[in-house]
Amino acid sequence: MARVTKIRRGPSLLHEEKLHGCGIRPVAGVDEAGRGPLAGPVVAAAVILPEGFQMEGLDDSKKLTHLQREKLYVQLTACIGLYFAIDQGSSEEIGQLNILRATALAMKRALIRLKENGHPPAHALVDGLPVKGLPIEQTALVGGDGLSLSIAAASILAKVTRDRMMDDLDRDYPQYGFARHRGYATDEHLAMLREHGPCPHHRLGYKPVDQPTLGL
């Protein structure tokens, strides 16, 4: 009986190079972290990679361990010729706008910050569905953080940045355990919400935040 060997294919520069071949450059990969939690900001990163970029182990941040992400963050931020910017939509803005609009705002801010830093992208590769309100043309890639190296890099920078922000919140509000669950709706987090009520960084408008006894 013949055996079928599955070859693992990770993110590549295929989509970036297609755009380069059309004369469109530089290309920024854009991704976010923190759409699902009950607390904390949603963070977006925009990344322009140098020509011929390679980095061992770089992949969708969700497929990596905390230590792997931290190591890659250090490597990415020290990489010569790599340009990046990171921004956020605050928990207050999430409550006012909704999570989709706050995510789009964070992505827009990251792209604008990249331009203000002297590296304006001509096109954005965005993870997921098209995002309204971006300041440049975009290509949306469902599962893009597993397809595009620039999106994968953005996913790492956004995730590590947000995790560090939640570590800071944990020091300010140790009763919630933010450093352990990063604001997600774990049993521990819901129990602490029920006991202490929300802090200023919880997202108003979310039922477990506004009405902590629901869904428990």
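Residues numbered from 1 in each chain as written. Predicted model: local features only at pLDDT ≥ 70, side-chain atom pairs only at ≥ 80, totals over all residues. Heavy atoms only, no water.

Colleague: In this structure, what is going on with the overall build of the chain? I would like to understand it.
Modeller: Of the regular secondary structure elements, the chain holds 8 helices and 5 strands. In sequence order, the chain lays out its α and β elements as α-β-β-α-β-α-α-β-β-α-α-α-α. Taking 17 Å as the expected radius of gyration for a compact globule of 216 residues, we find that the chain reaches 18 Å, a close match to that expectation. Considering only residue pairs separated by 6 or more positions, the chain has 66% of its internal contacts joining residues 24 or more positions apart. For the chain, the accessible surface area stands at approximately 11400 Å², while carbon and sulfur atoms represent 54% of it. Averaging the locations of the 26 positively and 25 negatively charged side chains of the chain gives two centres separated by 5 Å. (Helix = DSSP H or I, 4+ residues; strand = E, 2+ residues; numbered from the N terminus. Rg over C-alpha atoms; globule rule 2.2 N^0.38 Å. Contact = heavy atoms within 4.5 Å. Areas by Shrake-Rupley, 256 points an atom, 1.4 Å probe, with all protein chains shown as cover. Lys, Arg positive; Asp, Glu negative; His and termini not counted. Charge placed at Lys NZ, Arg CZ, Asp CG, Glu CD.)

Colleague: Just checking my understanding: could you explain the side chain of Asp145 for this structure?
Modeller: Within the secondary structure, Asp145 is located in the loop between β5 (137–141) and α5 (149–172). Residues in contact with Asp145, not counting those within four places in the same chain, are Pro11, Asp31, Asp59, Asp60, Lys62, Asp127, Ile151, Ala152 and Ser155.

Colleague: When you look at the pattern of salt bridges in this model, what are you seeing that I'm missing?
Modeller: Scanning the model with the defined rule gives 12 salt bridges in all. Taking the shortest distance from any N to any O, the salt bridge between Arg25 and Glu51 comes out at 2.4 Å. Here Arg25, found in the loop between α1 (14–21) and β1 (27–33), pairs with Glu51, found in the loop between β2 (42–48) and α2 (66–77); they are 26 residues apart in sequence, far enough to count as distant. Across the salt bridge formed by Lys62 and Asp60, the nearest N and O atoms sit 3.2 Å from each other. With relative accessibility at 63%, the residue Lys62 sits in the exposed group. Take Asp60: its relative accessible area is 6%, and that puts it in the buried class. Several salt bridges share partner residues, and in doing so they unite Arg69, Lys159, Asp163, Asp167 and Arg182 into one network. (Salt bridge = Lys/Arg side-chain N within 4 Å of Asp/Glu carboxyl O. Buried < 20%, exposed > 50% of the residue type's maximum accessible area, 1.4 Å probe, protein only.)

Colleague: When you look at the environment of Leu19 in this model, what are you seeing that I'm missing?
Modeller: Positionally, Leu19 belongs in helix α1. Sequence spacing of Leu19 and Ala33 is 14 residues, and the spatial spacing of their C-alpha atoms is 25 Å. Dropping the residues within four chain positions of it, Leu19 is found in contact with Ile24, Val27, His123 and Leu125.

Colleague: Just to check I follow, could you spell out the nonpolar core for this structure?
Modeller: One broad rule of soluble globular proteins: the nonpolar side chains tend to lie buried together. Core analysis: the biggest nonpolar cluster contains 25 residues, and Val30, Met107, Leu111 and Val126 have the highest contact counts within it. Ignoring any residue separated from it by four or fewer positions in sequence, one finds Met107 in contact with Val30, Asp31, Glu32, Ala44, Val126, Val131 and Leu134. (Core = buried A, V, L, I, M, F, W, Y, C linked by side-chain atoms within 4.5 Å.)

Colleague: I keep staring at α2 and nothing clicks. Help me out?
Modeller: Spacing of three or four residues puts side chains on the same side of an α-helix, whose turn is 3.6 residues. The terminal C-alpha atoms of α2 lie 17 Å apart, and with 12 residues this matches the ideal 16 Å at 1.5 Å per residue to within 8%. Looking at α2, one finds that the buried residues are Arg69, Glu70, Leu72, Tyr73 and Leu76. Across the axial projection of α2, the buried residues extend over an arc of 165 degrees, all falling on one side. Looking at α2, the residues exposed on the side facing more than 90 degrees away from the buried face are Leu67, Lys71 and Val74. (Expected span 1.5 Å × (residues − 1). Arc of directions from axis to C-beta.)

Colleague: Teacher, can you tell me more about the sheet that holds β5 here?
Modeller: Paired through their backbone hydrogen bonds, the strands of a sheet run either parallel or antiparallel. The sheet built from 5 strands is open, its strands ordered β3-β2-β1-β4-β5 with mixed pairing. Here the strands that pair on one side only, and so sit at the sheet edges, are β3 (83–89) and β5. When the angles between neighbouring strand axes are averaged without regard to direction, this sheet yields 25 degrees. Pairing of strand β4 (residues 123–127) with β5 involves 5 bridges; the strand directions are parallel. Considered in β5, the bridge of Val126 is made with Ala140. Lying on the sheet, α5 is in contact with β1, β2, β3, β4 and β5; it crosses β1 at an angle near 35 degrees. (Pairing = 2+ DSSP bridges. Axes fitted to C-alpha atoms, helices over the stretch in contact; angles between N-to-C directions.)

Colleague: Please explain the packing of aromatic side chains as it appears in this structure.
Modeller: Aromatic rings in a pair are described by how distant their centres are and how their planes are angled relative to each other. Overall, the coordinates contain 1 aromatic pair when judged by the stated rule. Residues Tyr176 and Phe178 carry aromatic rings whose centres are separated by 5.3 Å and whose planes lie at 20 degrees to one another, so their mutual orientation is stacked. By the burial criterion, Tyr176 is buried, and Phe178 matches it. Directly above the aromatic system of Tyr73 lies the positively charged group of Arg164, at a separation of 4.4 Å from the ring centroid. (Phe/Tyr/Trp six-rings, centres within 6.5 Å; stacked < 30°, edge-to-face > 60°. Lys NZ or Arg CZ within 6 Å of the ring centre and 35° of its normal.)

Geometry only, nothing functional implied.
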